[in-house]
Amino acid sequence: NNFVALNNLAWAIRNTEPEMALDYAQQAATLAPGNPSVIDTLAMIEYLNDDYSAAGRSIRRALDLAPEQPSLLYHLALIEKAKGETDTATRILQKLLRSNTDFPEIKKATALLASLTQ
C-alpha cells in the first residue's frame, strides 16, 4: 500500500514485465491520484503496453496537475506520435524545445522532432 514503492517497482520492471508493471502502476495511481509523477509512470507503462488511448488520457491527467513539466510534454509527444498524430506531436515538441533547454529527455526530444520533420 505504498505508492512510492509500487511506482518505483512498476518503473523498474516496465521493459521486462510490462503487464505486471501496469498492474503496479495502476495500484500506485489509485493510491496517489493527485501525484503527476505517478500518473506519468502509469501513462508511460500504458504506452509500453501499446494502449495509446489510455496513455493519452493518463498523460493529460498528469499535465493537468503539472502543465509546464517538460518531461510530461515530451511523453505526450511520444504518445501522440504512437497514435499517428504526428502533426500534434511535432507542435508539442516545437513548443517544448523553444521554451525548455534543460530537461532529462532534451536529446531524445530533439531527435524525435528531427525524425518527424524529415
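Residues numbered from 1 in each chain as written. Predicted model: local features only at pLDDT ≥ 70, side-chain atom pairs only at ≥ 80, totals over all residues. Heavy atoms only, no water.

## Focus: the overall build of the chain
Okay, step 1: Scanning the chain for helices and strands turns up 7 helices and 0 strands.
Okay, step 2: What you see in the chain, going N to C, is helices and strands ordered as α-α-α-α-α-α-α.
Okay, step 3: For 118 residues, the compact-globule estimate of 2.2 N^0.38 gives 13 Å, and the chain sits close to it at 14 Å.
Okay, step 4: Its C-alpha atoms put the chain at 45 × 25 × 20 Å along the principal axes.
Okay, step 5: Every one of the 118 residues in the chain was classed for burial, and the buried ones make up 43%.
Okay, step 6: At a minimum sequence separation of 6, the contacts of the chain that also span at least 24 residues come to 45%.
Okay, step 7: Carbon and sulfur atoms make up 49% of the accessible area of the chain, which amounts to about 6,700 Å² in all.
Okay, step 8: The averaged location of the 14 negative side-chain charges in the chain is 7 Å from the averaged location of its 11 positive side-chain charges. (Helix = DSSP H or I, 4+ residues; strand = E, 2+ residues; numbered from the N terminus. Rg over C-alpha atoms; globule rule 2.2 N^0.38 Å. Buried < 20%, exposed > 50% of the residue type's maximum accessible area, 1.4 Å probe, protein only. Contact = heavy atoms within 4.5 Å. Areas by Shrake-Rupley, 256 points an atom, 1.4 Å probe, with all protein chains shown as cover. Lys, Arg positive; Asp, Glu negative; His and termini not counted. Charge placed at Lys NZ, Arg CZ, Asp CG, Glu CD.)

## Some thoughts on the packing of helix H1 (residues 3-12) against helix H2 (residues 18-31)
Okay, step 1: Across the interface, H1 lies against H2 with an axial gap of 8 Å and an inter-helix angle of 150°. Our classification of the angle between H1 and H2 gives roughly antiparallel. Between H1 and H2 lies a crossing whose hand is left-handed. Residue-level contacts link Phe3, Leu6, Asn7, Leu9 and Ala10 of H1 to Ala21, Tyr24, Ala25, Gln27, Ala28 and Leu31 of H2.
Okay, step 2: In the contact of H1 with H2, the residues fall into 9 nonpolar, 2 polar and no charged. (Axes fitted to C-alpha atoms, helices over the stretch in contact; angles between N-to-C directions. Parallel < 35°, antiparallel > 145°, perpendicular 65-115°, else oblique. Left-handed = near helix turned anticlockwise from the far one by under 90°. Nonpolar A, V, L, I, M, F, W, Y, C, P; charged D, E, K, R; others polar.)

## Some details on the pattern of salt bridges
Okay, step 1: Counted under the stated rule, the structure contains 2 salt bridges.
Okay, step 2: One salt bridge connects glutamate 80 with arginine 60, and the closest N-O pair in it is separated by 3.3 Å. Separated by 20 residues along the polypeptide, glutamate 80 in helix H5 (residues 70-82) and arginine 60 in helix H4 (residues 52-65) bring together distant segments of the chain.
Okay, step 3: Between glutamate 80 and lysine 83 there is a salt bridge, with the nearest N and O atoms lying 3.3 Å from each other.
Okay, step 4: With a relative accessible area of 4%, glutamate 80 lands in the buried category.
Okay, step 5: Through salt bridges with shared partners, a single network forms among Arg60, Glu80 and Lys83. (Salt bridge = Lys/Arg side-chain N within 4 Å of Asp/Glu carboxyl O.)

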